[in-house]
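# Tertiary structure, described
Single-letter residue listing:
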Amino acid sequence: MVHTKVHSIHPEHLNLFSNSEGLRTVLNLLHTIGPDSWRVLPIARDLMIFTAHRFRPVALSWGRDQWEAASAAFLAMRENSVRSAEDPWAAITRAVQRAMIAEAEGERSLLSTDKARRPEKRPDAKPIRAGEYEEFIFDVLAPALDGTTEAVPDLVVQIPASMLIAVGWSVPEALSVVEYVCHRIADLGSHASAIDTLRRDHSMRVRCDLTTKQWGHLIGFLVGNRRNPEDVLFGAIIRVLTGDTLDDLLSDAELCERLINSAPTHRLRSV
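Because the structure is a prediction, the values reported are computed rather than measured. (Residues numbered from 1 in each chain as written. Predicted model: local features only at pLDDT ≥ 70, side-chain atom pairs only at ≥ 80, totals over all residues. Heavy atoms only, no water.)

### So, the overall build of the protein chain
Along the backbone of the protein chain there are 17 helices and 2 strands. Classification of the 271 residues of the protein chain by burial places 49% in the buried group. By sequence separation, contacts in the protein chain at least 24 residues apart represent 64% of the contacts at least 6 residues apart. For the protein chain, the accessible surface area stands at approximately 13400 Å², while carbon and sulfur atoms represent 53% of it. (Helix = DSSP H or I, 4+ residues; strand = E, 2+ residues; numbered from the N terminus. Buried < 20%, exposed > 50% of the residue type's maximum accessible area, 1.4 Å probe, protein only. Contact = heavy atoms within 4.5 Å. Areas by Shrake-Rupley, 256 points an atom, 1.4 Å probe, with all protein chains shown as cover.)

Here it is as structure tokens:
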């Protein structure tokens, strides 16, 4: 693996890259000059070296090369939405995380990255490689660039929580249970271990006032389930991480059935 040499970056450039407003200034400059600016300007070269170094921990956590993360960041940096974002570095970080997850899932499922992002393009059964005994390994919380854990991305909580609210959960309950599940599975090494661990979490089930069956449906909705070792169904959390929208989730009849079955009878209402 090629390592970045951050010490080779011009000190003034390094100061600009160290905060989101400085980054916004650089991106606006590159956009104004035009596409060739990325090829000819020293500040563009320094930005990509800095970016590869910054996102190296994220890439490694998904078994990818740091320059794959830098490439995903480069694509994001050229978007108007990133330049105008409240926090450009945060927007780029989310884009890189989604790209690394999709790359890893696509490689394991023998799919293109585009297909890995969209559930309707995924095969019904996962291909199993020779010598592959573990399920899809995932981290909901990618390692932060400073070595600590980042906050859960907003949409990862908001989209599943909004669906729970639609079937009768209160806003505080829905947000609380989704955040709780996100943080519990962040430390687990596989999809299967996440499901098994949460199914045995009786204290949270009781706090949510759910029966064992309803709790199982809730875990199925948020995290997913397994019909058999070759047939894995991902839940709302991992699907939002890989780029699915609320419309994508609502169009999945099986996922919505798990959602409805997770609501306690006294909460369920017509919507």
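Now that the structure has been shown, the text picks up again.
### Section: the pattern of salt bridges
Tallied over the full model, the rule gives 6 salt bridges. Taking the shortest distance from any N to any O, the salt bridge between Asp 36 and Arg 39 comes out at 3.7 Å. Looking at Asp 36, the relative accessible area reads 48%, which means it is partly exposed. Notably, a salt bridge pairs Arg 239 with Asp 244, separated by 3.0 Å at the nearest N-O pair. (Salt bridge = Lys/Arg side-chain N within 4 Å of Asp/Glu carboxyl O.)

### Re the environment of Asp 248
With respect to the helices, strands and loops of the structure, Asp 248 is situated in helix α16 (residues 246-250). Between the C-alpha atom of Asp 248 and that of Ala 236, which follows or precedes it by 12 residues, the distance is 9.9 Å.

### Examining the nonpolar core
One finds Leu 47, Ile 92 and Trp 169 to be the most contacted residues of the largest nonpolar core, which totals 71 residues. Of all the elements, helix α8 (residues 88-109) adds the most residues to this core, at 8 residues. (Core = buried A, V, L, I, M, F, W, Y, C linked by side-chain atoms within 4.5 Å.)

### Some thoughts on unusual backbone geometry
One non-glycine residue, Asp 209, lies in positive phi territory at about 60 degrees. Looking at the secondary structure, you find Asp 209 in the loop between α13 (202-207) and α14 (212-222). By relative accessible area, which is 45% here, Asp 209 ends up partly exposed.

### Here's the deal with the packing of helix α2 (residues 20-33) against helix α4 (residues 42-54)
At a closest axis distance of 11 Å, the pairing of α2 and α4 adopts a crossing angle of 130 degrees. By the angle class used here, α2 and α4 are oblique. Once α2 is placed against α4, the crossing between them reads as left-handed. Contacts between α2 and α4 involve Leu 23, Val 26, Leu 27 and Leu 30 from the first element and Ile 43, Ala 44 and Leu 47 from the second. Grouping the constituent residues of the contact of α2 with α4 by class yields 7 nonpolar, no polar and no charged. (Axes fitted to C-alpha atoms, helices over the stretch in contact; angles between N-to-C directions. Parallel < 35°, antiparallel > 145°, perpendicular 65-115°, else oblique. Left-handed = near helix turned anticlockwise from the far one by under 90°. Nonpolar A, V, L, I, M, F, W, Y, C, P; charged D, E, K, R; others polar.)

### Examining the side chain of Arg 205
Tracing the backbone through its elements, the reader meets Arg 205 in helix α13. Salt bridges are absent for the buried Arg 205, whose nearest opposite-charge side chain, Asp 209, sits at 7.7 Å. Among the polar contacts listed, one links the side chain of Arg 205 to the backbone oxygen of Leu 210, at a separation of 3.0 Å. Apart from residues lying up to four places away in sequence, Arg 205 is in contact with Leu 210, Thr 211, Thr 212 and Trp 215. (Lys, Arg positive; Asp, Glu negative; His and termini not counted. Polar contact = N/O pair within 3.5 Å; in protein donor to acceptor, adjacent residues only side chain to side chain.)

### Looking at helix α6 (residues 66-77)
Given a rise of 1.5 Å per residue, 12 residues ought to cover 16 Å, and the 16 Å separating the end C-alpha atoms of α6 matches this to within 8%. Those residues of α6 that sit buried are Gln 66, Ala 69, Ala 70, Ala 72, Ala 73, Ala 76 and Met 77. On an axial view of α6, the arc spanned by its buried residues comes to 160 degrees, and they lie on one face. For α6, the N-terminal cap is Asp 65; the gap from its side-chain oxygen to the backbone nitrogen of Trp 67 is 2.8 Å. (Expected span 1.5 Å × (residues − 1). Arc of directions from axis to C-beta.)

### As for the side chain of His 13
Tracing the chain through its elements places His 13 in helix α1 (residues 11-17). According to the relative accessible area criterion, His 13 is buried, its value standing at 16%. Those residues in contact with His 13, other than ones at most four positions away along the chain, are Pro 42, Ile 43 and Asp 46.

### Notes on the packing of aromatic side chains
Counted by the stated rule, this structure contains 4 aromatic pairs. Each ring, one from Phe 17 and one from Phe 50, has its centre 5.5 Å from the other, and the planes form 50 degrees; the classification is tilted. Of this pair, Phe 17 sits in helix α1 while Phe 50 sits in helix α4; the two residues are 33 residues apart in sequence, bridging distant segments of the chain. As far as burial versus exposure is concerned, Phe 17 and Phe 50 are alike and both buried. A ring pair is formed by Phe 50 and Trp 89, whose centres lie 5.8 Å apart and whose planes are at 45 degrees; its orientation type is tilted. Separated by 39 residues along the polypeptide, Phe 50 in helix α4 and Trp 89 in helix α8 bring together distant segments of the chain. (Phe/Tyr/Trp six-rings, centres within 6.5 Å; stacked < 30°, edge-to-face > 60°.)

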